[in-house]
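Take a look at the letters that make up each chain.
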Amino acid sequence: LVSRMLPRMLKDTAMLIRARKAVLANGDWLTAAEVAQLAGLSTRNPSAQPNKWKRQGQIFTIYHGGVNYFPGYGLDCATGFRPVKALARVIDTFAEYKDGWGMAYWFASVNGFLDGQRPQDVLAHDPARVLAAAKDEIEEMDYAW
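Residues numbered from 1 in each chain as written. Predicted model: local features only at pLDDT ≥ 70, side-chain atom pairs only at ≥ 80, totals over all residues. Heavy atoms only, no water.

For the chain, the count of helices and strands is seven helices and five strands. Mapped from its N terminus to its C terminus, the chain presents α and β elements in the order α-β-α-α-β-β-β-β-α-α-α-α. The contacts in the chain between residues at least 6 apart in sequence include a share of 54% that link residues at least 24 apart. For the chain, the exposed area adds up to about 8,900 Å²; of that, 55% sits on carbon and sulfur atoms. Here the chain contributes 17 positively and 15 negatively charged side chains, and the mean placements of these two sets differ by 8 Å. (Helix = DSSP H or I, 4+ residues; strand = E, 2+ residues; numbered from the N terminus. Contact = heavy atoms within 4.5 Å. Areas by Shrake-Rupley, 256 points an atom, 1.4 Å probe, with all protein chains shown as cover. Lys, Arg positive; Asp, Glu negative; His and termini not counted. Charge placed at Lys NZ, Arg CZ, Asp CG, Glu CD.)

What follows is the structure, encoded as structure tokens:
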């Protein structure tokens, strides 16, 4: 049984590694210190505020190579690089379904609900459509079960 499962497990692992590399290459991922610098936050403890935003569900992170990375597309330059308001609602929508990596994959993937655009490219100028796309995704996931 194990010998039959091993090729499938290796294939799945290789796909996961490729997906993670694609997410890291296609997104603008920032450390907490970089977020703090952009947002003009305290330099004494630069990770405090970004991590507070994460705990409050205003932004998410992916963990890679021992570091948490924040999505640059989740920050609104018009508000001093604070989290995009609608992002919290998207995170809440996915809370029971996706971890940080799952959300990163979703934001980086072209989406039929968004006319083939990636949610990360639409979030800043049409957050309501991104939220609607997230809700559509959950409905499809629930339906599949």
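Moving on, we come to the pairing of strand 3 (residues 67-71). Inspection of the sheet shows strand 1 (residues 29-30) paired to strand 3 by two bridges, in the antiparallel sense. Bridged to Leu 30 within strand 3 is Phe 70. Relative to strand 3, strand 2 (residues 62-64) runs antiparallel, the two being bridged by three bridges. Looking at strand 3, one finds that His 64 is bridged to Val 67. Connecting strand 2 to the antiparallel partner strand 3 that follows it, the hairpin turn spans two residues, and Gly 65 within it adopts a positive phi of roughly 60°. (Pairing = 2+ DSSP bridges.)

So, about the sheet that holds strand 3. Across the sheet, which stays open at both edges, the three strands sit in the order 1-3-2 with antiparallel pairing between neighbours. Of all the strands in the sheet, just strand 1 and strand 2 have a single pairing partner and so form its edges. Together, strand 1 and strand 2 form the strand contacts of helix 5 (residues 100-108), whose direction differs from that of strand 2 by roughly 105°. (Axes fitted to C-alpha atoms, helices over the stretch in contact; angles between N-to-C directions.)

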